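# Descriptive analysis of the structure
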Amino acid sequence: FVTRRQSIRLRRSNIGSSSMTVVGGESSGDTDDTDEAGGSSCAAAALLQIRGGGTISNDSGGSIRRLAKRYGVDLPTNELDELPSKFASAVLTSSTTSLAEAMQRSNADARFLVVYISRQGSSKANGVAIPNLMSREMIKLANRRPLGKKQNSDTSSYYIWIVDDDGDYDSALKRLKIKPPAKRKSKSSSSKSVTPPILAIVYPSTSVSSSGKLTVTPSVLSQHHCQPPPGSPDVLTSWINATRKRHLRDFAKLQHDRREAVLHRERTEGYRASVEEDAVREAQERAEAERRRQAEEEEERRREELEARREVLRESLPEEPEPGAAGASTIALRFADGTRDQRRFPSDAPIDSIFDWIDVEHEIERERLELGTMNGSRTFVHGAGEASTIEGAGLGRMTALRVGIVEGSSEDAGEDDETEGDESEEYSD
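The rules behind each value
Counting restarts for each chain: residues are numbered from 1 in the order of the written sequence. Residue-level local features of this predicted model are given only where pLDDT is at least 70; pairs of side-chain atoms are given and counted only at 80 or more, and the full residue set underlies all totals for whole chains, interfaces and linings. The side-chain quantities take in all heavy atoms of the structure and omit both hydrogens and water. Pairing between two strands is assigned when DSSP locates at least 2 bridges connecting them. Secondary structure follows DSSP: runs of H or I at least 4 residues long count as helices, runs of E at least 2 residues long count as strands, and numbering of each begins at the N terminus. To obtain each axis, a line is fitted to C-alpha atoms, and for helices this fit is confined to the stretch in contact; angles are then taken between N-to-C directions over 0 to 180 degrees. Every residue pair with non-hydrogen atoms within 4.5 Å of one another is taken to be in contact. When accessible area is computed with a 1.4 Å probe and restricted to protein chains, residues below 20% of their type maximum are described as buried, those above 50% as exposed, and intermediate ones as partly exposed. Picture the helix axis, draw a direction to every C-beta atom, and the arc is the one those directions span. N or O atoms within 3.5 Å of each other form a polar contact, as long as, within protein, one can give a hydrogen and the other can take it, and as long as residues adjacent in sequence are counted only when both atoms are side-chain atoms. Angle categories: roughly parallel below 35 degrees, roughly antiparallel above 145, roughly perpendicular from 65 to 115, and oblique for all the rest. Two helices cross in a left-handed way if the nearer one is turned anticlockwise from the farther one by less than a right angle. They cross in a right-handed way if the turn is clockwise. Ten residues, namely Ala, Val, Leu, Ile, Met, Phe, Trp, Tyr, Cys and Pro, are considered nonpolar, four, namely Asp, Glu, Lys and Arg, are considered charged, and the remaining ones, Gly among them, are considered polar. Only rings of Phe, Tyr and Trp enter the pairing, Trp through its six-membered ring, and a pair is recorded when the two centres are within 6.5 Å. The plane angle decides the type: under 30 degrees is stacked, over 60 is edge-to-face, the rest tilted. Ring-over charges, as used throughout, are those where CZ of Arg or NZ of Lys falls within 6 Å of the ring centre and within 35 degrees of the ring normal. Salt-bridge detection follows one rule: a side-chain nitrogen of Lys or Arg within 4 Å of a carboxyl oxygen of Asp or Glu.

## Quick word on the sheet that holds strand 3 (residues 158-162)
If you walk across this open sheet you meet the five strands as 1-3-2-6-7, and the pairing is mixed. Both edges of this open sheet fall to strand 1 (91-93) and strand 7 (214-224), since each of them pairs with a single strand only. Recorded for the sheet is a direction-independent mean angle of 30° between the axes of neighbouring strands. Sheet topology places strand 1 next to strand 3; three bridges connect them, and they run parallel. Across the sheet, the residue bridging to Val91 is Ile160, located in strand 3. Here helix 5 (residues 99-108) sits on the sheet in contact with strand 1, strand 2 (112-117), strand 3, strand 6 (198-208) and strand 7, set at roughly 65° to strand 6.

## Notes on helix 3 (residues 62-70)
Turning to helix 3, its buried residues number three or more, namely Ser63, Ile64, Leu67 and Ala68. All buried residues of helix 3 lie within an arc of 135° about the axis, which places them on one face of the element. Residues of helix 3 that are exposed and point over 90 degrees away from its buried face: Arg66 and Lys69. Tucked inside the fold, the buried residues of helix 3 contact helix 4 (85-90), strand 1, helix 6 (123-133) and strand 3. Immediately beyond the C-terminal end of helix 3, within one or two residues, lies Gly72, with a positive phi of roughly 65°.

## Thoughts on the side chain of His225
Looking at the secondary structure, you find His225 in the loop between strand 7 and helix 9 (233-246). Owing to a relative accessible area of 8%, His225 belongs among the buried residues under this scheme. In terms of polar contacts, His225 uses its side chain to reach the backbone amide nitrogen of Gln227, at 2.8 Å.

## A closer look at the packing of helix 10 (residues 248-316) against helix 11 (residues 352-362)
One can describe the packing of helix 10 onto helix 11 by two numbers: an axis separation of 9 Å at closest approach and a directional angle of 125°. Regarding the angle of helix 10 to helix 11, the classification is oblique. In this structure, helix 10 meets helix 11 at a crossing whose hand is left-handed. Side by side, helix 10 and helix 11 meet where Arg309, Arg310, Leu313 and Arg314 of the first sit next to Asp356, Asp359, Val360 and Glu361 of the second. Taken together, the residues that form the contact of helix 10 with helix 11 break down as two nonpolar, no polar and six charged.

## Overview of the sheet that holds strand 12 (residues 398-405)
The sheet built from five strands is open, its strands ordered 9-8-12-10-11 with mixed pairing. Only two strands of the sheet have a single neighbouring strand rather than two, namely strand 9 (340-346) and strand 11 (379-381). Sheet twist, expressed as the mean angle between neighbouring strand axes with direction ignored, is 30°. With five bridges connecting them, strand 8 (residues 328-334) and strand 12 associate as parallel partners. By the bridge assignment, Thr330 is partnered in strand 12 with Met398. Across the sheet, helix 11 touches strand 8, strand 9, strand 10 (369-373), strand 11 and strand 12, and the angle it forms with strand 9 is around 140°.

## Let's talk about the environment of Val73
Within the secondary structure, Val73 is located in the loop between helix 3 and helix 4. Accessibility expressed as a relative area gives 14% for Val73, which makes it buried. Look past the residues within four positions of Val73 in its chain and what remains in contact with it is Ala68, Pro131 and Met134.

## Some words on the packing of aromatic side chains
By convention here, two paired aromatic rings are described through the distance between centres and the angle between planes. Under the counting rule described, the total for this entry stands at five aromatic pairs. Summarising the aromatic geometry, the rings of Phe112 and Tyr158 are spaced 6.2 Å apart at their centres and angled 65° between planes, so their arrangement reads as edge-to-face. With Phe112 in strand 2 and Tyr158 in strand 3, the pair connects residues that are 46 residues apart, well separated along the chain. Across this residue pair, the class does not change: Phe112 and Tyr158 are buried. Note on Phe112 and Phe251: the rings are 3.8 Å apart at their centroids and 20° apart in plane angle, and the pair reads as stacked. Here Phe112 is found in strand 2, whereas its partner Phe251 is found in helix 10, with 139 residues between them in sequence. Phe251 carries the same exposure label as Phe112, and that label is buried. The ring of Tyr159 carries Arg111 above its face, with NZ or CZ at 4.1 Å from the centroid. A cation over a ring is seen here: Arg119 above Tyr169, with NZ or CZ 4.0 Å from the ring centre.

## Describing the pattern of salt bridges
Evaluation of the coordinates by the stated rule reveals 19 salt bridges. Note that Glu285 and Arg281 form a salt bridge whose closest N and O atoms lie 3.2 Å from each other. Highlighted residues: Glu285 and Arg281, both in helix 10, separated by four residues, approximately one helical turn. When the shortest N-O distance is used, the salt bridge between Arg366 and Glu367 registers 3.5 Å. Residue class for Arg366 comes out buried when judged on its relative accessible area of 15%. Exposure remark for Glu367: the relative accessible area of 45% places this residue in the partly exposed category. One salt-bridge network, in which partners are shared between bridges, spans Arg309, Arg310, Asp356, Asp359, Arg366 and Glu367.

What is shown is where atoms sit, not what they do.
Next up, the structure:
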């Protein structure tokens with residue numbers, strides 16, 4: 001840290017703020033220029049941002065307005081008494097945005113983070129530093145392009161994070177691994193000592209944890225001694241701007257990491273979508289295979305049942321009478337494909353025995369059959385006349401029947417009308 005005597009001498013020589021940057025040389029303490037890993041919550045926040053998930057609570061202006069009112073800051077509101085978006089987005093307070101979230105946001109947007117850590121009892125130092133941090137000059141610097149014309153993206157330079165709750169003081173020091181400044185005695189009371197505030201510029205670097213996950217690691221680039229804090233917006237912005245010029249490569253790396261993070265998120269989302277699509281397709285294929293398996297099992301079961309039933313029907317068919325035997329009826333069949341068949345039945349046999357015979361010999365389920373006379377005057381289906389016999393149904397000694405299939409099957413195509421007459425002449429109703 002620059003000593004108090006050096007600070008006074010530098011201010012008197014008007015080389016002001018840039019010389020107050022901690023860059024080594026004579027100092028009363030060690031320069032905090034290390035790049036150490038942040039805590040697990042910061043890493044989780046970084047991973048969430050890089051993966052495209054999660055949101056950070058954005059200050060609606062309430063905490064900024066309270067802070068401005070406390071320290072007499074004239075906020076640049078519009079005619080609707082609203083804060084400009086560049087102002088509201090650049091200034092973050094610990095009561096609404098934790099340091100881990102501020103680090104995550106800085107990393108995601110490729111900005112450095114200006115942190116001001118102070119207890120609310122440091123009214124004199126806060127009364128100087130906070131109005132300067134919230135000044136128009138500082139907001140303008142925070143929103144400028146850090147690399148100027150060499151910059152391809154539209155990213156800005158800084159976020160400003162201010163501790164406005166004493167409960168966040170110790171956790172912020174621990175997160176940044178900054179030792180609290182030595183207390184100095186207050187001029188107003190010899191018995192009371194005041195802890196100087198901390199003003200630092202933090203680089204939110206991206207690193208890979210031991211588990212292979214992307215995390216945000218805070219690294220303090222520069223720290224102001226704050227004894228006293230920068231006395232005007234010009235002094236403050238000069239100090240911060242000097243740090244920016246020395247760390248242009250870090251800004252460029254942040255922007256590079258930001259582009260890589262976007263590509264990483266797109267690749268991850270694309271891979272996840274591909275995996276999900278593959279999972280859906282495989283699930284559909286498994287469901288279809290299971291459906292086919294069940295259908296095949298059902299068909300096999302049904303086929304076995306039909307074969308077993310046909311064996312029973314074959315045994316139950318009435319004996320076929322001898323040709324020319326008394327009380328015998330000859331039933332001739334004609335199928336849609338032109339196939340013909342005939343069999344003799346006792347005239348007192350149930351008419352359903354004709355259906356049983358067709359089921360057994362031609363393997364057409366009797367429930368699907370529709371038998372009709374050749375002239376179409378009469379039709380018969382299985383089970384419609386359980387008590388009817390062949391003779392009782394009006395079928396004579398020689399009867400020709402057309403075999404049709406119910407349920408609109410292709411097997412019940414129309415017959416040739418020219419042959420119907422011949423059949424009718426050979427067989428009568």
